[in-house]
Amino acid sequence: MTKDKSLIQMIWGIALVLAGIGIFFAMPQKIVQLQQMQASSFFINFTRFSFYLIAVLLIGGGGRKIYENYRKRNNKL
(Lines give C-alpha, C1' and ligand atoms only; values in the text may rest on other atoms or scores of the structure.)
Protein backbone atom coordinates (compact mmCIF):
# COMPACT_ATOMS: atom_id res chain seq x y z
CA MET A 1 0.00 0.00 0.00
CA THR A 2 1.41 3.40 -0.88
CA LYS A 3 2.13 5.95 1.80
CA ASP A 4 -0.67 8.28 0.61
CA LYS A 5 -3.23 5.49 0.56
CA SER A 6 -2.19 4.39 4.03
CA LEU A 7 -2.63 7.95 5.31
CA ILE A 8 -6.09 8.16 3.74
CA GLN A 9 -7.05 4.86 5.36
CA MET A 10 -5.80 6.13 8.72
CA ILE A 11 -7.89 9.31 8.37
CA TRP A 12 -10.91 7.21 7.35
CA GLY A 13 -10.47 5.05 10.45
CA ILE A 14 -10.35 8.14 12.66
CA ALA A 15 -13.52 9.44 11.00
CA LEU A 16 -15.29 6.14 11.70
CA VAL A 17 -14.31 6.23 15.36
CA LEU A 18 -15.46 9.83 15.70
CA ALA A 19 -18.80 9.01 14.04
CA GLY A 20 -19.32 6.16 16.50
CA ILE A 21 -18.50 8.39 19.46
CA GLY A 22 -20.87 11.02 18.07
CA ILE A 23 -23.71 8.51 18.09
CA PHE A 24 -23.04 7.73 21.75
CA PHE A 25 -23.29 11.41 22.63
CA ALA A 26 -26.36 12.13 20.46
CA MET A 27 -28.50 9.14 21.45
CA PRO A 28 -29.72 10.31 24.88
CA GLN A 29 -31.14 13.49 23.31
CA LYS A 30 -32.83 11.53 20.54
CA ILE A 31 -34.36 9.09 23.01
CA VAL A 32 -35.88 12.01 24.91
CA GLN A 33 -37.35 13.29 21.64
CA LEU A 34 -38.86 9.88 20.94
CA GLN A 35 -40.36 9.79 24.43
CA GLN A 36 -41.90 13.22 23.89
CA MET A 37 -43.50 11.92 20.69
CA GLN A 38 -45.02 9.17 22.84
CA ALA A 39 -43.45 6.34 20.89
CA SER A 40 -43.96 2.83 22.21
CA SER A 41 -41.39 1.44 24.62
CA PHE A 42 -40.58 -1.38 22.19
CA PHE A 43 -39.79 1.13 19.45
CA ILE A 44 -37.64 3.23 21.77
CA ASN A 45 -35.69 0.22 23.07
CA PHE A 46 -35.25 -1.21 19.57
CA THR A 47 -34.00 2.16 18.30
CA ARG A 48 -31.63 2.51 21.26
CA PHE A 49 -30.24 -1.01 20.72
CA SER A 50 -29.84 -0.50 16.96
CA PHE A 51 -28.02 2.79 17.18
CA TYR A 52 -25.74 1.68 19.99
CA LEU A 53 -24.90 -1.43 17.97
CA ILE A 54 -24.06 0.78 14.97
CA ALA A 55 -21.88 2.95 17.21
CA VAL A 56 -19.98 -0.04 18.57
CA LEU A 57 -19.44 -1.39 15.05
CA LEU A 58 -18.19 1.99 13.81
CA ILE A 59 -15.77 2.35 16.70
CA GLY A 60 -14.58 -1.25 16.34
CA GLY A 61 -14.14 -1.03 12.58
CA GLY A 62 -12.41 2.33 12.76
CA GLY A 63 -10.16 1.15 15.55
CA ARG A 64 -9.21 -1.93 13.59
CA LYS A 65 -8.45 0.15 10.50
CA ILE A 66 -6.31 2.54 12.54
CA TYR A 67 -4.45 -0.32 14.23
CA GLU A 68 -3.72 -2.20 11.00
CA ASN A 69 -2.56 0.85 9.09
CA TYR A 70 -0.46 2.08 12.01
CA ARG A 71 1.20 -1.34 12.23
CA LYS A 72 1.87 -1.41 8.47
CA ARG A 73 3.34 2.11 8.52
CA ASN A 74 5.68 1.25 11.41
CA ASN A 75 6.86 -1.99 9.77
CA LYS A 76 7.83 -0.12 6.61
CA LEU A 77 9.80 2.57 8.47
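Up top is the structure.
What you see is a predicted model, and the numbers here were worked out from it, not measured in a lab. (Residues numbered from 1 in each chain as written. Predicted model: local features only at pLDDT ≥ 70, side-chain atom pairs only at ≥ 80, totals over all residues. Heavy atoms only, no water.)

Trainee: I would appreciate a short explanation of the overall build of the protein in the present structure.
Mentor: In terms of helices and strands, the protein carries two helices and zero strands. A compact globule built from 77 residues would reach a C-alpha radius of gyration of about 11 Å, whereas the protein, at 17 Å, exceeds it by more than 25%. Taking all 77 residues of the protein together, the buried fraction comes to 19%. Within the protein, contacts between residues at least 6 apart in sequence are counted, and of these 81% link residues at least 24 apart. (Helix = DSSP H or I, 4+ residues; strand = E, 2+ residues; numbered from the N terminus. Rg over C-alpha atoms; globule rule 2.2 N^0.38 Å. Buried < 20%, exposed > 50% of the residue type's maximum accessible area, 1.4 Å probe, protein only. Contact = heavy atoms within 4.5 Å.)

Trainee: What should I look at first to understand the nonpolar core in this one?
Mentor: Across soluble globular proteins, nonpolar side chains show a tendency to be buried alongside one another. With six residues, the main nonpolar core is built from Ile23, Met27, Ile31, Leu34, Ile44 and Ala55. Listing elements by their share of this core, those giving two or more residues are α1 (3-36) and α2 (41-76). Not counting residues within four places of it along the chain, the set of residues in contact with Ala55 comprises Gly20, Ile23 and Phe24. (Core = buried A, V, L, I, M, F, W, Y, C linked by side-chain atoms within 4.5 Å.)

Trainee: What is the right way to read the packing of aromatic side chains from this model?
Mentor: Each aromatic ring pair is described using two quantities: the centre-to-centre distance and the angle formed by the ring planes. Scanning the model with the defined rule gives two aromatic pairs in all. Both rings, one in Phe24 and one in Tyr52, keep their centres 5.3 Å apart while their planes meet at 25°; by these two values the pair is stacked. Of this pair, Phe24 sits in helix α1 while Tyr52 sits in helix α2, and the two are 28 residues apart along the sequence. For Phe24, a relative accessible area of 34% corresponds to the partly exposed category. (Phe/Tyr/Trp six-rings, centres within 6.5 Å; stacked < 30°, edge-to-face > 60°.)

Trainee: Sorry if this is basic, but what is going on with α1 here?
Mentor: The end-to-end C-alpha separation of α1 is 50 Å, in line with the 50 Å expected for 34 residues at 1.5 Å each. Along α1, the largest kink reaches about 40° and is centred on Ala26; proline Pro28 follows within four residues of it. Within α1, the full set of buried residues consists of Ser6, Met10, Gly13, Leu16, Val17, Gly20, Ile23, Met27, Ile31 and Leu34. Check the buried side of α1 and you find it contacts α2. Backbone geometry just after α1 places Gln38 at a positive phi near 60°. (Expected span 1.5 Å × (residues − 1). Bend = angle between axes of the 7 residues up to and from the residue.)

Trainee: What exactly am I supposed to notice about the side chain of Thr47 here?
Mentor: Tracing the backbone through its elements, the reader meets Thr47 in helix α2. Beyond its immediate stretch of four places on either side in the chain, Thr47 contacts Met27 and Leu34.

Trainee: It is not clear to me how unusual backbone geometry should be interpreted in this structure. Could you clarify?
Mentor: Apart from glycine, the bulk of residues carry a negative phi angle, and the bulk of peptide bonds sit in the trans form. Even without being glycine, Gln38 reaches a positive phi, approximately 60°. Structurally, the position occupied by Gln38 is in the loop between α1 and α2. A residue is classified by how much of its surface remains accessible, and Gln38, at 72% relative accessible area, is exposed.

Trainee: How do you make sense of the pattern of salt bridges when you look at a structure like this?
Mentor: Once their charged atoms are close, side chains differing in charge can pair, the charge on each being opposite to the other. According to the stated counting rule, one finds one salt bridge in the structure shown. A salt bridge links Arg64 to Glu68, with the nearest nitrogen and oxygen atoms 3.1 Å apart. On the criterion of helical spacing, the pair formed by Arg64 and Glu68 is a turn pair, its members being four residues apart in helix α2. (Salt bridge = Lys/Arg side-chain N within 4 Å of Asp/Glu carboxyl O.)

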